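Breakdown of the fold
In case you want the letters, here they are:
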Amino acid sequence: MNFSHKWRKWIAGCLGSASTNVLVNGSPSGEFQLERELRQGDPLSPFLFLVVAEWLNVLAERAVHKGLLEPVKVGRDEIGISHLQYADDTMFVATEKMENAWAFKCILKLFEMLSGMSVNFDKSSILGVGIDGSKCAEAADILECNVGELPTKYLGIKIGFFGKGERMRLGKYIGYLSERNLLWARVIRASQGEVCWDGEGFRTEETREMRAGWWKNVLSMSWGEYGKWFRENIEPKIGEGDSFLFWQQRWIGEKRLMEDYQRLNRLSNNQRGLVKEMGEWIEGEWKWKFLWTHELMGRELDQLEDLLSKIQNCRLVAGVKDGWRWKVSPNGLYSVNSAYKMAITTAWKVLKGRVPTSENLRKRQVIIQDSEELCVFCKGAVETIDHLFFECHETEEIWSHILRWVGKQSARHHKAKDHLLAFVNLGNKKDASFLLGVWICTIWCLWKGRNECKFNQGMWSKERMTAEIKIRLWGWRTAFKVSSSPLDFRRWIVAVNLDG
């Protein structure tokens, strides 16, 4: 792969200088040098694996280029897919010709010869989509693998069945659509349509209609920063500890334990262990139990004591699966209704003058620095309720954009009650409830945006804020089945014509 001699010497040095020890009857042995390969957990391991796995990608692309392998064509642009790789999972895709099965066989055998790795055909399966079962069996005989059945799972997503759960799982990957050259991102755009951000909101290429109605909702649920409010209001709920990694996932507190206890994480004999693997049940009571590479001492013992004090109140519950809890709802279950109630509460506090702005905190004799008194949006005036939500030129532009979006005009009002009454009465009676929802949602998003800038050093963006307001309203409208003219998500983002 044309790596220089110096680089190869570096890698050889890494391979030859690593040392490790093993547990013998529960006690660590003396350290010894590794003659080959890397020790488990070495940060160099994934990079070396990628270098080797790249040969599989090169072989498949060469076979397609030379016409030895016919990939599946997807979408209007006919993007060819012959294989998908994720870590050590690989999926080959091709048309039903038997020549493709032989091509795959040759590619895998060549890869074994080049890398020294072995392909486990017994754990591999072939699946046919829309083809006769006898052809699948014939291809399985060529590849010496099993015949699988649909639906199956790949990276946790069901293939051959696309229900609500799978849509939600897919949603978390939508932010990566900005990586335009990734194969899977190109495939999704080719089959479902092009979605872009142009500074004013979402824009969809009209050269092709989106095929799936759910796709628009996936976008609305998971676009970049707009899903942040949801993540801020959920927390892990530990049952038997079967879903969360003890060190590497956030399951207690606001950070992963590996961030607060880096030394202990490095010394752990089970860095990728689940929560339930870090202890045992003794007479029906859960006891934490850790295994270390060597006996702890000094500051390591202090860190362990701090760790135990942090997790001592966390009790595992046998037979109960781990999950997530929605903080806003008393029963811990997420609903659009509970999120809506949280927004109503914020709006009510604005009307009553009870939002903890800098001015209100001063009145309550809370000591704050002079620099913290200023509005986080414009940095030019003291943060009062009237200024923050209605007088600031930054928020005035937000309200102006929302008015254009609903096709209305209004005089400026700088008092909360006056602003609300004027806004709700912009339309006729049937529009009043919708306009009230718009006002509540705008107030809520402005307050959350203010908190993000003030406490999390977030970047203020008017474009992002207006898009977030529209997305929230779309979710409420869909959940509460508000009767209005049928709109798809893309048209909703552009404009809402209340007079139509």
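Residues numbered from 1 in each chain as written. Predicted model: local features only at pLDDT ≥ 70, side-chain atom pairs only at ≥ 80, totals over all residues. Heavy atoms only, no water.

1. With respect to the overall build of the protein
From N to C terminus, the protein includes 19 helices and 18 strands. Looking at the protein as a whole, 38% of its 500 residues qualify as buried. Taking all contacts inside the protein whose residues are at least 6 apart in sequence as the whole, residues at least 24 apart take part in 56%. (Helix = DSSP H or I, 4+ residues; strand = E, 2+ residues; numbered from the N terminus. Buried < 20%, exposed > 50% of the residue type's maximum accessible area, 1.4 Å probe, protein only. Contact = heavy atoms within 4.5 Å.)

2. Here's the deal with the packing of aromatic side chains
This structure, assessed with the given rule, holds 17 aromatic pairs. Taken together, a centroid distance of 5.6 Å and an interplanar angle of 65° make the contact between W399 and F423 edge-to-face. Of this pair, W399 sits in helix α15 (residues 393–406) while F423 is found in helix α16 (residues 416–424), placing the two residues 24 residues apart along the sequence. For the pair W399 and F423, a shared accessibility class is recorded, and that class is buried. Every member of this aromatic cluster is reached through a ring pair, and the members are F246, W247, W251, W281, W286, W288, F290 and W292. (Phe/Tyr/Trp six-rings, centres within 6.5 Å; stacked < 30°, edge-to-face > 60°.)

3. Brief notes about a nonpolar patch on the surface
A cluster of nonpolar side chains, W55, L110, M113 and L114, forms an exposed patch at the surface whose accessible area comes to about 440 Å². When residues of the nonpolar patch are assigned to their parent elements, the largest contribution, three residues, is made by helix α3 (residues 98–115). Within the secondary structure layout, M113 lies in helix α3. In this structure M113 comes out as exposed when scored by relative accessible area, which is 68%. (Patch = residues over 30% accessible without salt bridge, like charges linked within 9 Å, V, L, I, M, F, W, Y side chains within 5 Å. Areas by Shrake-Rupley, 256 points an atom, 1.4 Å probe, with all protein chains shown as cover. Salt bridge = Lys/Arg side-chain N within 4 Å of Asp/Glu carboxyl O.)

4. Digging into the pattern of salt bridges
Per the stated rule, a full pass over the model turns up 17 salt bridges. Close ionic contact of E240 with K321 constitutes a salt bridge, the shortest N to O distance being 3.5 Å. Separated by 81 residues along the polypeptide, E240 in the loop between β15 (234–237) and α9 (257–260) and K321 in the loop between α11 (299–311) and β18 (323–326) bring together distant segments of the chain. Of the charged contacts, one joins R412 and E396 as a salt bridge, the two residues approaching to 3.4 Å between their closest N and O atoms. Of this pair, R412 sits in the loop between α15 and α16 while E396 sits in helix α15, and the two are 16 residues apart along the sequence. Using a relative accessible area of 64% as the deciding quantity, one classes R412 as exposed. Take E396: its relative accessible area is 15%, and that puts it in the buried class. Sharing partners across several salt bridges, the network here consists of E240, D242 and K321.

5. What about the nonpolar core?
Judged by nonpolar contacts, the single largest core of 42 residues is most densely connected at F389, W405, F423, W439, I443, I469 and L473. Counting residues per element, the ones that place at least two in this core are α12 (336–352), α14 (385–391), α15, α16, α17 (429–455) and α18 (462–479). Considering every element that reaches this core, the biggest residue donor is α17, with twelve residues. Among all residues touching L473, those that are not within four sequence positions of it are W405, G437, V438, C441 and W492. Of all hydrophobic cores here, the second largest spans 22 residues; its members include W247, L257, V275 and W292. (Core = buried A, V, L, I, M, F, W, Y, C linked by side-chain atoms within 4.5 Å.)

6. A word on α11
In a regular helix each residue adds 1.5 Å, so 13 residues correspond to 18 Å; α11 covers 19 Å between its end C-alpha atoms and thus fits that length. Of the surrounding elements, those touching the buried residues of α11 are α9, α10 (262–267) and β17 (285–288). (Expected span 1.5 Å × (residues − 1).)

7. Here we look at α3
The terminal C-alpha atoms of α3, which comprises 18 residues, lie 26 Å apart, in line with the 26 Å expected from a rise of 1.5 Å per residue. Where α3 is concerned, the buried positions are M98, N100, A101, A103, F104, K105, I107, L108, F111 and E112. At its buried positions, α3 is contacted by α2 (45–65), β8 (89–92) and α4 (133–143). Once α3 finishes, G116 follows within two positions and takes phi at roughly 80°, a positive value.

8. Focus: the packing of α15 against α17
Two elements in contact, α15 and α17, have axes whose closest approach is 12 Å; the angle formed by their N-to-C orientations is 150°. Overall, the two elements α15 and α17 adopt an arrangement that is roughly antiparallel. α15 and α17 meet at a crossing whose hand is right-handed. From α15, T395, I398, W399, I402, W405 and V406 reach across to α17, where they touch F434, V438, W439, T442, I443 and L446. (Axes fitted to C-alpha atoms, helices over the stretch in contact; angles between N-to-C directions. Parallel < 35°, antiparallel > 145°, perpendicular 65-115°, else oblique. Left-handed = near helix turned anticlockwise from the far one by under 90°.)

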